[in-house]
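Each chain, written out:
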Amino acid sequence: MQDFAASFFEAFRLVFSLDPNLIEVVGLSMRVSLMAVAVAALIGFPVGAFLAVSRFPGRGLVVVTISALMGLPPVVVGLIVYMMLSSAGALGPLQLLYTPTAMIIAQTILVVPIVAALTRQTLEDLNVEFADQMTLFGLGDVARLITLLWEGRYSLMTTLLAGFGRAIAEVGAVIIVGGNINHVTRVMTTTIALETSKGNLALALGLGFILVTIAFIVNALVFVSRAAAERHAHA
């Protein structure tokens, strides 16, 4: 019992003293996850917007597929990316395996379906709600899309936060393609798993506290964004 208490106290000391190793791991986690969300937004927003305002043969199948991909098993994604980036893979010559870039690719694949599916749902609902007004003003396709994106900005922010929450908590895919290499690809989730297996509970707990805090902040921002969207809708 005393060992656990000592680990808790040491964990708090590491956090509040801004231990360099801890800060390095947290910083890499944030950079990788934020970059993955940014790339996912560049891909997911246009795909979701296109599906929201377009009608074409097979659209239903595409929508169902993207929704299903929201539940992609991370280890499967990690395996696929590993095969692509390995020396025998199509992207092997780029030598990206066991680098932060490989982890960004894996997280992006996991986040894109979330962003695309939630964007489609948000903009499709808004398209139905504002269809008469946009037709009355004679808005073209581009103007309609811009209007929908503006009206759905708060909900789209919630979409990005949901994607970030998925990325920052990821462990299965990033440990496969990143290798959990010290000072290179070691992020919070993989470090927690490693240090726990080594019995270094203090560092694992410290990173756990930070990860839970980040999750709390993300969920608080989601709540605020949803409240802002509801106020805007009823304004």
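Residues numbered from 1 in each chain as written. Predicted model: local features only at pLDDT ≥ 70, side-chain atom pairs only at ≥ 80, totals over all residues. Heavy atoms only, no water.

**Regarding a nonpolar patch on the surface**
Note the cut-off: Patches were defined on residues exceeding 30% relative accessible area and lacking a salt bridge, with like-charge contacts within 9 Å and nonpolar side-chain contacts (Val, Leu, Ile, Met, Phe, Trp, Tyr) within 5 Å. Using a 1.4 Å probe, the Shrake-Rupley method yields the accessible areas, and only the shown protein chains count as cover for residues. A carboxyl oxygen of Asp or Glu within 4 Å of a side-chain nitrogen of Lys or Arg is what we treat as a salt bridge. Elements are defined by DSSP. Helices are runs of H or I of four residues or more, strands are runs of E of two residues or more, and each kind is numbered from the N terminus.
Residues Val75, Val76, Ile80, Met84, Leu91 and Leu94 make up a contiguous nonpolar surface patch of about 480 Å² in total accessible area. Here Leu91 is to be found in the loop between α4 (74-85) and α5 (100-129).

**Quick word on the packing of aromatic side chains**
The condition that has to hold: Aromatic rings from Phe, Tyr and Trp, taking only the six-membered ring of Trp, are treated as a pair when their centres fall within 6.5 Å; an angle between ring planes under 30 degrees marks them as stacked, one over 60 as edge-to-face, and anything in between as tilted. Both a distance and an angle decide whether a charge sits over a ring: NZ of Lys or CZ of Arg must be within 6 Å of the ring centre and within 35 degrees of the ring normal.
Counted under the stated rule, the structure contains 4 aromatic pairs. Ring-pair connections join several aromatic residues into one group, and the members of that group are Phe8, Phe12, Phe16 and Phe209. The ring of Trp150 carries Arg153 above its face, with NZ or CZ at 3.8 Å from the centroid.

**A word on the nonpolar core**
It is characteristic of soluble globular proteins that their nonpolar side chains tend to be buried jointly. The condition that has to hold: Side-chain atoms within 4.5 Å are what join buried Ala, Val, Leu, Ile, Met, Phe, Trp, Tyr and Cys residues into a set we call a nonpolar core. Three labels apply to residues, based on accessible area from a 1.4 Å probe with only protein chains included: buried if under 20% of the type maximum, exposed if over 50%, partly exposed otherwise in between. In this analysis, two residues are considered to be in contact whenever any of their non-hydrogen atoms come within 4.5 Å of each other.
One finds Leu22, Met188, Leu207, Ile210 and Ile214 to be the most contacted residues of the largest nonpolar core, which totals 26 residues. Leave out the neighbours within four places in its chain, and Met188 touches Val25, Val26, Ser29, Ile168, Leu207, Ile210, Leu211 and Ile214. By size, the runner-up hydrophobic cluster in this structure holds 17 residues, among which are Val81, Ile104, Val174 and Val177.

**A few points about the pattern of salt bridges**
Evaluated as defined, the whole model comprises 4 salt bridges. Across the pair Glu124 and Arg59 runs a salt bridge, and its minimum N-O distance is 2.3 Å. Of the two residues, Glu124 sits in helix α5 while Arg59 sits in helix α3 (residues 59-69), which places them 65 residues apart along the sequence. With relative accessibility at 18%, the residue Glu124 sits in the buried group. Ionic pairing is found between Glu195 and Lys198, a salt bridge with its closest N-O pair at 3.6 Å. A residue pair is termed a helical-turn pair when its members lie 3 or 4 positions apart in one helix, as Glu195 and Lys198 do in helix α10 (residues 188-198) at 3 residues. Relative accessible area serves as the criterion here: at 5%, Glu195 is assigned to the buried category. On the basis of relative accessibility, which here comes to 56%, the residue Lys198 falls in the exposed class.

**Considerations on the environment of Gly58**
Position of Gly58 among the secondary structure elements: in the loop between α2 (20-53) and α3. C-alpha separation for the pair Gly58 and Ala228, spaced 170 residues apart in sequence, amounts to 35 Å.

**Comments concerning the confidence of the model for the protein chain**
Test applied: The pLDDT value tells you how sure the predictor is about a given residue, anywhere from 0 up to 100.
Here the protein chain shows a mean pLDDT of 88. Residues at 70 or above account for 97%. Mean pLDDT values over the elements of the protein chain span from 76, in helix α6 (residues 131-136), up to 94, in α4.

**Side note on α5**
The α-helix winds at 3.6 residues per turn, so residues separated by three or four positions along the chain end up facing the same way. Inclusion rule: Every helix has an expected span of 1.5 Å times one less than the residues it contains. One axis is fitted to the seven residues ending at the residue and one to the seven starting there. The bend at that residue is the angle between these axes.
Compared with the 44 Å implied by 1.5 Å per residue over 30 residues, the 42 Å span of α5 between its first and last C-alpha is a close match. Of all the bends found along α5, the most pronounced is centred on Val111 and spans about 30 degrees, while Pro113, a proline, follows it within four residues.

**Brief notes about unusual backbone geometry**
Phi angles above zero are rare outside glycine, and Leu18 is one such case at about 55 degrees. Locating Leu18 in the fold gives a position in the loop between α1 (2-16) and α2. One non-glycine residue, Gln95, lies in positive phi territory at about 55 degrees.

**Notes on α4**
Rules: Think of the arc as the fan of directions from the helix axis to the C-beta atoms.
The terminal C-alpha atoms of α4, which comprises 12 residues, lie 16 Å apart, in line with the 16 Å expected from a rise of 1.5 Å per residue. When we look at burial in α4, the residues that qualify are Val77, Gly78, Val81 and Leu85. Relative to the axis of α4, the buried residues are bounded by an arc of 100 degrees and lie together on one face. Where the residues of α4 are buried, they touch α5 and α9 (172-178).

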